[in-house]
Every structure is written in structure tokens, then in C-alpha cells.
Amino acid sequence: MLYLKTNEPNSFNLKPSIFMKSQEIRAQFLDFFKEKSHTIVPSAPMVTKDDPTLLFVNSGMAPFKEFFLGNGKPKSNRLADSQKCLRVSGKHNDLEEVGYDTYHHTLFEMLGNWSFGDYFKKEAISWAWELLTEVYKIDKDILYVSVFEGSDDADKLPLDQEAYDLWKELIPENKIVKGNKKDNFWEMGEQGPCGPCSEIHVDLRSEEEKAKTPGIALVNMDHPHVVEIWNLVFMQYNRKANGSLENLPHKHIDTGMGFERLCMALQGVKSNYDTDVFQPIIKQIEKITNTTYGANQQQDIAIRVIADHVRAVAFSIADGQLPSNTGAGYVIRRILRRAVRYGFTFLDKKEPFIYQLVAILSEQMGAAFPEISGQKKLIENVIKEEENSFLRTLDQGLILLDKIIENADAKEISGDKVFELYDTFGFPVDLTALILSEKGFTLDEKGFKDELQKQKNRSKAASEMSTEDWTLLAEEGTEEFIGYDTLSADVKLTRYRKVVSKKEGEMFQLVFDATPFYPEGGGQVGDKGFFEDSQGNQIAILDTKKENNVIIHFTKKLPKEVNDIFKATVNEKIRENTACNHTATHLLHEALREVLGIHVAQKGSAVNANYLRFDFSHFSKVTAEELKAVEAYVNAKIAMQLPLEESRNVSMEKAIADGAMALFGEKYGDTVRAIKFGNSIELCGGTHVKNTGDIWHFKIKSEGAVAAGIRRIEAITNEAVKNFYDDNNQALNQIKELLNNVKAPVKAVQKLQDENTALQKQIEQLLRDKAKNVTGEIINQLQEINGVQFLATKVDLDANGIKTLAFDLGKKHPNLFLVFANAPTNEKALLTCYISKELVNERGYDAGKVVRELGKFIHGGGGGQNFFATAGGKNPGGIPQALENAKEYLS
RNA sequence: GGGGAUGUAGCUCAGUUGGCUAGAGCGCUUGACUGGCAGUCAAGAGGUCGUGGGUUCGAGUCCCAUCUUCUCCA
């Protein structure tokens, strides 16, 4: 693996007078494009919500995908931003490699300027050049650019002459590289907008190195100091489903400049980690772990890993994505655990410490990203708890590994053992390898990889899904949501496709020109219902979801005539109950802030027809009194019969000024919908009741923790409350009835319980006494045959009693050979045989054999150990015979 | 979404192919020794074996369902 010394003195020709702080660099970028009439937008949340193909925003354009796909319009056709991105997989971004070099990251910022059908190559190129050379004052001599060379394949694309000619005006031709399709043609996916791109590279090497190899030879060669800093994408084609290209009616610009790399170039350092983006964090790591960055190669890697990962984890928690065991949350957990692991092994930190870096991060990034500074305490708590839990996992794993080593019969530990340790107990395999090698063992790497592959195949097979192409029926227009005003409408089908998954089987996804169906979002479930063709045939709509800003209806079949006009109708009952729960959620949010304090912020919510769930930040258990107060507050608001005041399409600024709460991690459009009930104002796309009176009543069912500093309340409203009280009431009435309608059922039950324990003790005592009596009788009946104390008799005890009796006798008398029989019912008979151990050992008696053979008389079978065995059967009439024959076994 | 593991005394855990009357350590209670404490010894209390079904003469153990917690993969 490539390793670079990162502390070399600055040795390349940047003007040293201009040391620019990263914050200034970011600000200048945005200011520059603001002057060029761009609207500056904040970074979208990193966690994606309505794109099933993507867990995290992984490039600057991801949040704008819907605009490029034509599913919506941006508020301005010129935008600029700094977008936080997260990459943990892909060819050049394997999580396991971050930290080993000086320029790959999980979280990074992408500076971008955007044109949606507005300016094109000329402006994009000249502005990029102007910003780099005149504002940032990068020496023109160390810059190189690339243009698309064209392709000979099926696409038959020409050289991007337009871009070449534009660059020729700005830079000598010997600094323009012609790049192939892999480097210089950008596609969003299998289908959709795409086009050639032009990259700007910067050569940061020393003069000696430059003298040895010309920079142009190193462009796109993965050299750590000849790096691409900016990619200008010219979207001019549309890739169709059949693979062919067509010209786009409107051409777009999509650019992305790696912020950390830019800082490296401008600050005259040779590693992203030496910029002021990372240095404060690294300093703090040095302080906490008592190490020095640059002194030891392995420790340097660990420090870079931690510095990088804490940013990724903190930002995603700030965006509402907590570490968890599935989906995006699991990615975050893995990142954090990797950091803990490096700290554990190479920096010798056996207790939580990464959370202590959040303060520095917040100080440094808080101005540009208020979601970090605003939630500092929460982020610290969550990280600390997660660190603790992983350290516990490591502790357990160490114990298990010790056991494996102890029981090892060879110097190589098998792959499946190591895999079990990893898969079931979460113990990292690299740590296993390290410990094994320290103790002189090796591990079967191939066996481990095979097991891992098997597991991957299993998962893949289970989640396999095939998606067919869309069948388009009408020109694509924006699908309108009309479900705020109506639950039923005449609609036309605009496109549909078939999806097949293992779990759901064959399903169809339908898109209409307009729809009253609410798509899952904002915690609220998607509507269910049906649509009906002109012949009156109905097809059920099972769910509604949003994907890249398109509302998709899920059905099991297609209509006979797809071009018909359909009547789409939402299930009213479900929608009403859901609306009650959604409005109640808003009131609950308000009540919590009122009762617990304004630190309470929504961290998640789920609203469906049956109940509502609300997660929020709060650092201690909500007491019973507080819950009561919250419930009372919400019910007071319901009693006040507050009307819904809805404002659609208000500007974000106005809504905030009116007191609406915006949530971290939520992506808002340019105009928003504000929902007001009394003092509760929230930005919300969900469906609500017309008046809080419709909710009828609100009842909290449970309160608990979901993570460090995050609590969860589950509650019900309306009919569910009635049912809840009805059920409780019925149960209570039944209890009362059973107790002959006592006035104080609780006391009565308490008394019953006390009596029950007392009675149980009495029974035990009686049984003991009875057994004692029986014991006495039995001792008298023992006959001595051949030195064996023998008895075969029927006793009036249950199976347990007989067992106790036999063992009691066994303790007091030697040389016993006992066969007991009893008949608990008319259809059941039981034989028990007890033989003292000394007899078993000396004479080879076998109680199991005795009961098996005697069992035949009672039409049954059994077994046990050689000194105690039981058999059961269906024929109590055979008991006397069985007892008579018992003697036979004494010989 | 798929797989693996886990649930037994207040806590940490044992419990073989179903079969000694469910155990150990720590903790708790009581008593003894010591001038008192620490300590040692002795006795004792404490268990719906996650829940609900099933198979069996017999289930902590096997089967099915379900829940909790942990963990890996997608």
C-alpha cells in the first residue's frame, strides 16, 4: 500500500504569502458564484430519503437528480453549494482503505456550481479558470486539463471540440490531455442524462520531481500529488433504455470540486490531513492518546482513520442517521467501529475517546454546518454509547478467541471458526489475525473468505429484485398530488413497470397524471385504496411511495385497458385514522417542548392508522408525572378544537419567521407547506385533520430509550383509544365478576395471591408428611431376597411424589430394588423403578430394562438411567401383572 | 430484507447423544470465630429455565411459532 510522508516542508511553487483558511476557501467559492448570479443553497442532508438506489449522497449532483430527470424544477436555474458526501464503497473508495493514503475519505465536501438548461461549456470553463487562477491565485503552470477524446464504440462520439477550443484560449495546448470514456464521459446510471466532462488537475510535486517526470504524464495516474481537483460535466445527452443516446433539449452543467483537495493545494501541504480541515482534530487525537502524528507509520494510519471517520459519523448523526444494525445506520456503525478498532490496536485506547473530538469538529465546522454545533451534546452521547458497546463486543470476542486458541489442535485456525467469531460475535477479522500471529498461529484466510462469500450470496438471493423498464403512455409531465383536497379523482395512467422480488412476487408500479394517494414520507405511511376502470373493474392499490419525486402506486395487476380513465379512491377510514395520529404527533412535539424544554427535537417519527411513534432528543427518562402532563397538554389542545391552518407554497424564510420548526436532516423544497394548529407550527407534507377535535382523545402507551439521548413515545388516538379503554374495561369487569363483583378488585387479587403462596407451602408440607407416612409403610413392606431389599407395589402418589419417595428411601436404605406403579387416570398408568447404585454396579441390574419390559403389561414403554427409570402406558389394568413379574429381575 | 447467536438465582455464567431431585462463582440473610473491622467457617433464602404450542414414559435440552438482546451480510 502506498504510504507517504506527510510532514515534508512545503516545496512547490505556490505563493506562500497567501495562506487561506479552509473556511475562507469555502466562502470564496460561494461568493464567486453568487456574483455570477447563482443562488447559494445549503448542503442537502447526507442520508437520502426517496432514492432506493442510494443510501447516502455520494456526489454533489445526487440531491439534484430529480431536476436532471425532469421530475421537478429547481428554484433557480443557477445554483451553487457545498455538499457533504459519503462514500464507503466503490472501486476507489473501499472503507478498508481510508487512512492508508493521504487523499481518500469517507466524508468529504463537494463544491459545485450548477446550470439547469442555462449556461453551458463556455461559462463553466471560463469561470472555473477565473476562480482557480485569479481568486485562489493558483499558478497556471501547475494546472492541467482534460477533455473527452471521443469513442469508437457503439456510441460513436466525437472529440469534444467545443471544450478543447475553449480551453485552448486559456491554457497552452500541451497542457490539455485527451481522455477516454472512463475518465472523461460521465453517466448517472444505466439510463438518463449524461455527457462528456472536462477535469482540472493540479501538480503539487517538488521542482526536482517535476524535472524528472513531466506532470502531463501523471494526469489520471493515481499519483497522490498530481490530482484532479475539479470535474466539469457537460450534460448534453440522454441515455435511453435501449442504450442509445439522444440529444437533450436542455443542456446542463454539473461541476464538482473536492474541497479537501482544494485546501491541500491552496495551503501548500502534501496531504489532505495536513490542511486545517483535519489538523485541529489530529492535534486533539495526539493530545488524548499521547502520541505524535508523523512519528510512527501505523499510528499515523490510525490517527488518519479516526480523524476521517469521526467526521463521517458526526455528520450523519447530525442528519438524523443513528448507528444501527440495518441499512444506512449499519454503515455508520461500521465506520465508527473501524475507528475504535484502530484506536484500540494502534493507539492503545481501551475506553471511549472518539466522542471527545466532536467539540473540536463543532468549533471548526459549526459555522458552515449548524447541524453539528446545534446537536453537539447529542452527537457526543451517541458516539460515546456506541464506542462503549463495541468495546464490550471486543472484550467478549477476546475471551472467545482465547478459547479457540486453547482448544486449537493445529497452528492454523479454521476459516469457519474465525468467521463465526466475526459473523456472530462481531469480532473484527483483522484483529483476530493480529492476535493469532502474536501467539504464533495463522488463520485460514481462504476458508474465511469462502464463508463470507456464502453469506453475501444468501443475502443477495433473498433480496433479489428485477425491475423492468418503464412503459411510457404519455409525455412526461410532473405528477400532481391532489390528496390534500380530495380522496377520489379521475386520473390517467402515464407510465407503469413490473418489478419482481422474492418476497412480494410480481408487483406493478403505476404513475398517474394526478393522484389523491399520499406517498410514504415524513414518517407517514403511504395511502391504500383502489382504482376503477370505466367498466367498473377495481384494482387494489396496496401502497404508495415516492421515488425521485415521482409518486408510485403499487398493485398486484394491471388494468385491462391501460389508456382508460380511472377513478382512483383512497381508503377513507385508514386515511382519517392516520391523519388523527399525524396531527397528534405535532401536538405531542409541542407538548414535549412545553413540558420538558426546548432542547426536545424530533429525531424520527412513524405515523400509520393504528398508532404513532415519536423519537426525540432528551437526556433522561421521562417521568410518569411528565408523561401525564404531556398527555394532558395534548388532550387540552384537542378539547380546544383548534382548526387546521394550512399554508401551501410559502417561502422557507417566511415560514421560519412565523415560528415554524425546521428539522435537521430533512430536505426542504424552495417553498414549503406550513401546518398550524394553535401554537404548533411545523413544516410538513403530511395529511391532517381539519380540527383537533376530530382526534377525540390522545393516550400514551409507552416511553423508552432507543439510543443514548434519544427517547421514544408510542401513542394512540381516536378509535384506538376507545378500543384500548374498552378492552381494559372488559378485562376489569371479567376480573370483578370472577371475584363476585368485589368493590376493590386490586386488594382482592392481592389477597388471593397471598393465600395462594400460603396454600402452596401447606401443600408442600402435606405432601412431605404424606411421603413420610408412605415411606414408613413401605419400609415395613420391604422383603429381603438374596440380600436385596425388594418391593413392588402400587402407591397413591403422582410421578413427582414417587420420584421423591424413591430417592428419599435410597438415601436411608442400601440395596433397594423398588418398582412402583400408579394410575393417575383411567387411561394412564405409570411404572417407576429405582435400584440402589451399589446393586447396579455389583450385579449389573438395569432399571431401564426393567421398566421397558414391564411396560409391555401396561401397553407402553419408557426408559431412563440404569438406577432410575420410568415407563408410561395406556393400560392401568396391567399394573398387577407388571408388579408380579418384577421379581423376575432379581436373579 | 436474509443469516447466525442469545435469553437458566439479584449479577456473571455452567448444564454432554432428552434421563442423578436444576448447579457454580460473586452478591444477599443469619450464626460462629476475633476486643471491633477486614477475613475465615457454617447454615439459609432466592428459579414460571423468555413466552405459547407440540413430540415423549420423561423436555432447560428436540420440533414449530413468537418476543428480547447481540452480530454479520444486502
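The coordinates are above.
Notes on the structure follow. No experiment lies behind these values; they were computed from the predicted model shown.

Topic: the overall build of chain A
Next, step 1: Across its full length, chain A carries 25 helices and 35 strands.
Next, step 2: When the backbone C-alpha atoms are referred to their principal axes, chain A occupies close to 120 × 75 × 55 Å.
Next, step 3: Burial status across chain A gives 50% buried among its 891 residues.
Next, step 4: At a minimum sequence separation of 6, the contacts of chain A that also span at least 24 residues come to 69%.
Next, step 5: Surface summary for chain A: the accessible area is close to 42900 Å², and the carbon and sulfur share equals 48%.
Next, step 6: Taking the 109 positively charged and 127 negatively charged side chains of chain A as two groups, their mean positions are separated by 4 Å.

Quick look at the side chain of Thr-291
Next, step 1: Looking at the element boundaries, Thr-291 is found in the loop between α8 (279-289) and α9 (297-318).
Next, step 2: Only 2.7 Å separates the side chain of Thr-291 from the side chain of Thr-289, close enough to count as a polar contact.
Next, step 3: Dropping the residues within four chain positions of it, Thr-291 is found in contact with Ile-285, Glu-286, Gln-299, Ile-303 and Leu-347.

Focus on the environment of Phe-481
Next, step 1: Positionally, Phe-481 belongs in strand β14 (residues 480-481).
Next, step 2: Sequence separation of Phe-481 and Thr-515 is 34 residues, and the distance between their C-alpha atoms is 5.2 Å.
Next, step 3: Sequence-distant contacts of Phe-481, defined by excluding residues within four places in its chain, comprise Thr-515, Pro-516, Phe-517, Tyr-518, Pro-519 and Ile-551.

Quick word on the packing of aromatic side chains
Next, step 1: What the rule picks out here adds up to 33 aromatic pairs.
Next, step 2: Arranged with centres 6.5 Å apart and planes meeting at 50 degrees, the rings of Phe-68 and Trp-114 form a pair that is tilted. With a gap of 46 residues between them, Phe-68 in helix α2 (residues 65-68) and Trp-114 in strand β3 (residues 107-116) connect regions that are remote in the sequence. In terms of burial, Phe-68 and Trp-114 fall into one category: buried.
Next, step 3: Judged by centre distance (5.4 Å) and plane angle (50 degrees), the rings of Phe-148 and Phe-185 are tilted. Placement of Phe-148 in strand β4 (residues 143-148) and of Phe-185 in strand β6 (residues 185-187) is noted, with a sequence separation of 37 residues between them. Residues Phe-148 and Phe-185 agree in their burial class; the two are buried.
Next, step 4: An aromatic cluster is defined as three or more aromatic residues linked by ring pairs; in this entry it consists of Phe-64, Phe-67, Phe-68, Trp-114 and Phe-116.
Next, step 5: The lysine or arginine in question, Lys-178, covers the ring of Tyr-164, its NZ or CZ lying 5.2 Å from the ring centre.
Next, step 6: For Arg-304, the ring lying beneath its charged end belongs to Tyr-273, and the centroid distance is 5.8 Å.

A short note on the protein's contact with RNA strand B
Next, step 1: Neighbouring residues of RNA strand B: 33 residues in total, closest Tyr-330, Tyr-422, Asp-423, Phe-807 and Gln-865.
Next, step 2: For RNA strand B, the backbone portion of the atoms within 4 Å of the protein, that is sugar and phosphate, comes to 59%.
Next, step 3: Within the side chain of Arg-337, an N or O atom sits 2.4 Å from a phosphate oxygen of RNA strand B.
Next, step 4: A distance of 3.3 Å separates a sugar or linking oxygen of RNA strand B from a polar backbone atom of Gly-426.
Next, step 5: Looking at the surface near RNA strand B, the elements that each hand over two or more residues are α10 (327-346), α14 (415-423), α16 (445-462), α22 (799-812), β34 (860-864) and β35 (868-873).
Next, step 6: Counted by class, the surface near RNA strand B contains eight nonpolar, 16 polar and nine charged residues.

Re the packing of helix α13 (residues 376-406) against helix α15 (residues 429-438)
Next, step 1: In contact at an axis separation of 11 Å, α13 and α15 are set at 45 degrees when each is read in the N-to-C sense. By the criterion of interaxial angle, the relationship of α13 to α15 is oblique. Read as a crossing pair, α13 and α15 show a hand that is right-handed. Across from Leu-394, Leu-398, Leu-401 and Ile-405 in α13, the residues of α15 making contact are Leu-431, Thr-432, Ile-435 and Leu-436.
Next, step 2: Here the residues of the contact of α13 with α15 are counted per class, giving seven nonpolar, one polar and no charged.

Some remarks on helix α7 (residues 259-266)
Three- or four-residue spacings in an α-helix give side chains the same orientation, since the helix completes a turn every 3.6 residues.
Next, step 1: In terms of burial, α7 is largely enclosed, as seven of its eight residues are buried.
Next, step 2: Residues of α7 that are buried include every one of Phe-259, Glu-260, Leu-262, Cys-263, Met-264, Ala-265 and Leu-266, and no others.
Next, step 3: Just downstream of α7, Gly-268 is the residue with a positive phi angle, here 70 degrees.

As for the sheet that holds β35
Next, step 1: Across the sheet, which stays open at both edges, the six strands sit in the order β30-β31-β32-β33-β35-β34 with mixed pairing between neighbours. The open sheet is flanked by β30 (783-785) and β34, the only strands paired with a single partner. Averaged over all neighbouring strand pairs, the angle between strand axes comes to 20 degrees, with direction disregarded.
Next, step 2: Judged from the seven bridges that link them, strand β32 (residues 816-825) and strand β33 (residues 828-835) form a sheet pairing that is antiparallel. Counted as the bridge partner of Phe-820 is Thr-832 from β33.

Side note on the sheet that holds strand β23 (residues 602-607)
Hydrogen bonds between backbone atoms are what pair the strands of a sheet, whose relative direction is either parallel or antiparallel.
Next, step 1: The strand order across the open sheet built from four strands is β23-β24-β29-β28, with neighbouring strands paired in antiparallel fashion. Each having just a single partner strand, β23 and β28 (698-707) make up the two edges of the open sheet. Each strand axis lies, on average, 15 degrees off the axis of its neighbour in the sheet, ignoring direction.
Next, step 2: As judged from the eight bridges shared by β28 and strand β29 (residues 710-717), these two strands associate in the antiparallel manner. Note on β29: the bridge partner recorded for Ser-702 is Glu-714.
Next, step 3: Across the sheet, helix α18 (residues 624-639) touches β28 and β29, and the angle it forms with β28 is around 135 degrees.
Next, step 4: Here helix α20 (residues 718-738) sits on the sheet in contact with β28 and β29, set at roughly 85 degrees to β29.

Basis of the calculations
Residues numbered from 1 in each chain as written. Chains lettered and ligands numbered in written order. Predicted model: local features only at pLDDT ≥ 70, side-chain atom pairs only at ≥ 80, totals over all residues. Heavy atoms only, no water. Helix = DSSP H or I, 4+ residues; strand = E, 2+ residues; numbered from the N terminus. Buried < 20%, exposed > 50% of the residue type's maximum accessible area, 1.4 Å probe, protein only. Contact = heavy atoms within 4.5 Å. Areas by Shrake-Rupley, 256 points an atom, 1.4 Å probe, with all protein chains shown as cover. Lys, Arg positive; Asp, Glu negative; His and termini not counted. Charge placed at Lys NZ, Arg CZ, Asp CG, Glu CD. Polar contact = N/O pair within 3.5 Å; in protein donor to acceptor, adjacent residues only side chain to side chain. Phe/Tyr/Trp six-rings, centres within 6.5 Å; stacked < 30°, edge-to-face > 60°. Lys NZ or Arg CZ within 6 Å of the ring centre and 35° of its normal. Near = heavy atom within 4 Å. Nonpolar A, V, L, I, M, F, W, Y, C, P; charged D, E, K, R; others polar. Axes fitted to C-alpha atoms, helices over the stretch in contact; angles between N-to-C directions. Parallel < 35°, antiparallel > 145°, perpendicular 65-115°, else oblique. Left-handed = near helix turned anticlockwise from the far one by under 90°. Pairing = 2+ DSSP bridges.

Fair warning: the whole summary comes from geometry, so function is off the table for now.
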